[in-house]
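What follows is the residue order along each chain.
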Amino acid sequence: MQQKTVRTRFAPSPTGFMHVGNLRTALYEYLIAKSLGGTFVLRIEDTDQERLVEGAVDIIYNTLDKVGLKHDEGPDVGGEYGPYVQSERKNIYQPYAEQLVSEGKAYYCFCSKERLDALHESKKEDDTFSGGYDRHCRDLPKEEVDRLLHEGTPYVIRQRMPIEGSTTFDDVVYGSITIENRELEDQILIKSDGYPTYNFANVIDDHLMNITHVVRGCEYLTSTPKYNLLYQAFGWDVPTYVHLPLIMGKNEDGSVSKLSKRHGSTGFEDLIREGYLPQTIVNYIALLGWCPKENRELFTLQELVENFSIDGISKSPAVFDYDKLTWFNGEYIRAMSEQEFIDHAMPYFRKVFPDAGLNWQVLASILQPRVTKFTQIPEMISFLKVLPEYPADFFVNKKSKTNLENSAQMLKESIAELEKMDDWSVDSLHDALIALAQKLEVKNGTLLWPVRIAAAGMTVTPGGAMEILAILGKQESIRRLHIGLEKLQA
Ligand code: GLU
């Protein structure tokens, strides 16, 4: 038998927000398709016209683009199964629903909103009522249906669920799942506005678009028997179901619960704003529910494609750990070339130095090993712009053998030496200060500690004395060393 080409689809509803859970679904769909030589499709599910959000589709395109999940078919790139926006497919669904009606597998329901509201109200106290529809219109006589249709009574089309027996389906991750049919509501397929429900449209579209693997969050597991019954009703092949585990967040008391805003940012754009790199986010979320065969954590998207396999997906809930994400981000930042780092960091450098031309290379060299998010940069480098207030006892350091007296002497000697210099590079500063320490017969640290304190006004700094001097430039460096000296002499 000829193997079908694998086709997966990412089918977001344009809500204006890309939750990390949705992005993970997109990523796994992409990885399943690409690791099996298949096709990755983007389909926009906008049948819920009341929930449409302006600009929401652009957010979907931008996110996929930023993380490199390139779709092979979709609204913007086309493809042979289009249109790829459900609202543009509106006329496709109704005939399929009518077909089910004519075969007795679906029916017109004329119940008014008032009747349904009253139904729910009256059954409030009834534990045996599942909250669904009471099948009032399921067996209306044909003449009655024709009359109501003829009178133009608004209607929906509902699926006629079997009342007896059970439905079993297989999920690659969760195994075989059986549900009693009597628990299944006669769900709406076509709404009174003529639009299909998500539950109906996704089945029709997945079939018409030849989707082989349906990948989605496990919150859809309980709806899957209904989808299965639709495939059966039409006599269509059921796709391979791949449901993904929940993503949890860590609570303060150590317990976990479904990831939400109170755990931290849950949207892709918010994480980007916080300073995480797109490739970090992709790498990290790949591991939320999938375990690579080898013991390794860092993967580029291409490496994920090469290593991904469905059997590595686990059903146990995955915990979104922000500290771990930050660690990943630091690793990605360190792996950048110097130029890449500077390009990324420049907007943050510019927040502190809007127009000054600094020695960006030196600045990068002291920041790249330390930064875990670019958003930390402005605060980390503000001491280079404005010398912080600091007390004289910062000059006292046991390990460097410095005290208030010898620090003053070191600063005086350093100023004299630095005044003479023309070449203000890290190397020349290094050579000059090391030679000075030798000449004065002190440990390097005894000279460099007070110089760094005076230059930075802080005890803990990114980079050492020479780098800080090099970034400050000659004039500012000497000015700061004088301020330090005055503090010591006061
Ligand atoms: N439109 C649905 C959502 O955004 C898609 C679910 C599915 O992948 O089938 O949740």
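Novice: Describe in detail the sheet that holds strand 12 (residues 318-320), supporting the description with residues and values.
Specialist: Within a beta sheet, neighbouring strands are joined by backbone hydrogen bonds and run either parallel or antiparallel to one another. Pairing within the open sheet is mixed, and its three strands lie in the order 11-10-12. Both outer strands of the open sheet, strand 11 (256-258) and strand 12, are each paired with one neighbouring strand and no more. Adjacent strand axes in the sheet meet at a mean angle of 45°, parallel and antiparallel pairs treated alike. Where strand 10 (residues 247-250) meets strand 12, three bridges bridge the pair, whose relative direction is parallel. For Met248, the partnering residue across the bridge sits in strand 12 and is Val319.

Novice: Residues and numbers for the nonpolar core, please.
Specialist: The biggest cluster of nonpolar side chains holds 141 residues, and the ones touching the most others in it are Phe200, Phe320, Phe341, Leu363 and Ile377. A per-element tally of this core places helix 1 (residues 20-35) first, with nine residues. Not counting chain neighbours up to four residues away, the residues in contact with Leu363 comprise Phe349, Leu358, Ile381, Leu384 and Ile471.

Novice: Give me the lowdown on a negative patch on the surface, citing residues and values where you can.
Specialist: A contiguous patch of negative charge on the surface is contributed by Asp422, Asp423, Asp427 and Asp431. Position of Asp422 among the secondary structure elements: in the loop between helix 15 (404-419) and helix 16 (426-440).

Novice: I'd like to hear about the layout of surface pockets, residue by residue, with values.
Specialist: Considered as a void within the structure, the largest pocket measures approximately 900 Å³ in volume. If you go around the largest pocket, you meet 38 residues; those closest to its centre are Ala11, Ser13, Asn22, Glu219 and Tyr220. Counting residues per element, the ones that place at least two in the lining of the largest pocket are strand 1 (7-10), helix 1, helix 6 (198-208) and strand 8 (213-217). Broken down by element, the lining of the largest pocket gets its largest block of residues, five residues, from helix 1.

Novice: Please set out the site of the ligand residue by residue, giving values where relevant.
Specialist: Neighbouring the ligand are the residues Arg9, Ala11, Pro12, Ser13, Glu45, Tyr198, Val215, Arg216 and Tyr220. Glu45 is positioned with one of its side-chain polar atoms (N or O) 2.7 Å from a nitrogen atom of the ligand. A distance of 2.4 Å separates an oxygen atom of the ligand from a polar atom in the side chain of Tyr198.

Novice: Please give an account of the packing of aromatic side chains that cites residues and values.
Specialist: Across all of its chains, the model carries 22 aromatic pairs by this definition. Taking NZ or CZ as reference, Lys487 lies 4.4 Å from the ring centre of Tyr390, over its face.

Novice: Describe empty space enclosed by the protein, with residues and values.
Specialist: Evaluated as defined, the whole model comprises one cavity of 30 Å³ or more. When its volume is computed, the largest cavity comes out at roughly 40 Å³. Every residue along the wall of the largest cavity is listed here: Phe10, Pro12, Ser13, Thr15, Phe17, Met18, Asn22, Ile59 and Ile60. For the lining of the largest cavity, the residue count by class is six nonpolar, three polar and no charged.

Novice: Quick rundown of helix 18 (residues 465-472)? Include the residues and the values.
Specialist: Burial runs high along helix 18: seven of the eight residues are buried. The set of residues buried in helix 18 consists of Ala465, Met466, Ile468, Leu469, Ala470, Ile471 and Leu472. The inward-facing, buried residues of helix 18 abut helix 13 (360-367), helix 14 (377-385), helix 15, helix 16, helix 17 (444-456) and helix 19 (474-489).

Novice: Please provide a residue-by-residue account of the pattern of salt bridges, values included.
Specialist: All chains considered together, the criterion is met by 31 salt bridges. When the shortest N-O distance is used, the salt bridge between Glu331 and Arg334 registers 3.9 Å. Residue Glu331 and its partner Arg334 are both found in helix 11 (residues 322-334); the two are separated by three residues, about one turn of the helix. Judged by its relative accessible area of 26%, Glu331 is partly exposed.

Cut-offs used in this document
Residues numbered from 1 in each chain as written. Predicted model: local features only at pLDDT ≥ 70, side-chain atom pairs only at ≥ 80, totals over all residues. Heavy atoms only, no water. Pairing = 2+ DSSP bridges. Helix = DSSP H or I, 4+ residues; strand = E, 2+ residues; numbered from the N terminus. Axes fitted to C-alpha atoms, helices over the stretch in contact; angles between N-to-C directions. Core = buried A, V, L, I, M, F, W, Y, C linked by side-chain atoms within 4.5 Å. Buried < 20%, exposed > 50% of the residue type's maximum accessible area, 1.4 Å probe, protein only. Contact = heavy atoms within 4.5 Å. Patch = residues over 30% accessible without salt bridge, like charges linked within 9 Å, V, L, I, M, F, W, Y side chains within 5 Å. Areas by Shrake-Rupley, 256 points an atom, 1.4 Å probe, with all protein chains shown as cover. Salt bridge = Lys/Arg side-chain N within 4 Å of Asp/Glu carboxyl O. Lys, Arg positive; Asp, Glu negative; His and termini not counted. Charge placed at Lys NZ, Arg CZ, Asp CG, Glu CD. 1 Å grid on protein atoms, 1.4 Å probe; cavity = no way out; pocket = protein on both sides within 12 Å on 5 of 7 lines; lining within 4 Å. Points joined across faces, edges and corners; volume = space filled by probe spheres on them. Near = heavy atom within 4 Å. Polar contact = N/O pair within 3.5 Å; in protein donor to acceptor, adjacent residues only side chain to side chain. Phe/Tyr/Trp six-rings, centres within 6.5 Å; stacked < 30°, edge-to-face > 60°. Lys NZ or Arg CZ within 6 Å of the ring centre and 35° of its normal. Nonpolar A, V, L, I, M, F, W, Y, C, P; charged D, E, K, R; others polar.

Coordinates in, geometry out; function isn't part of it.
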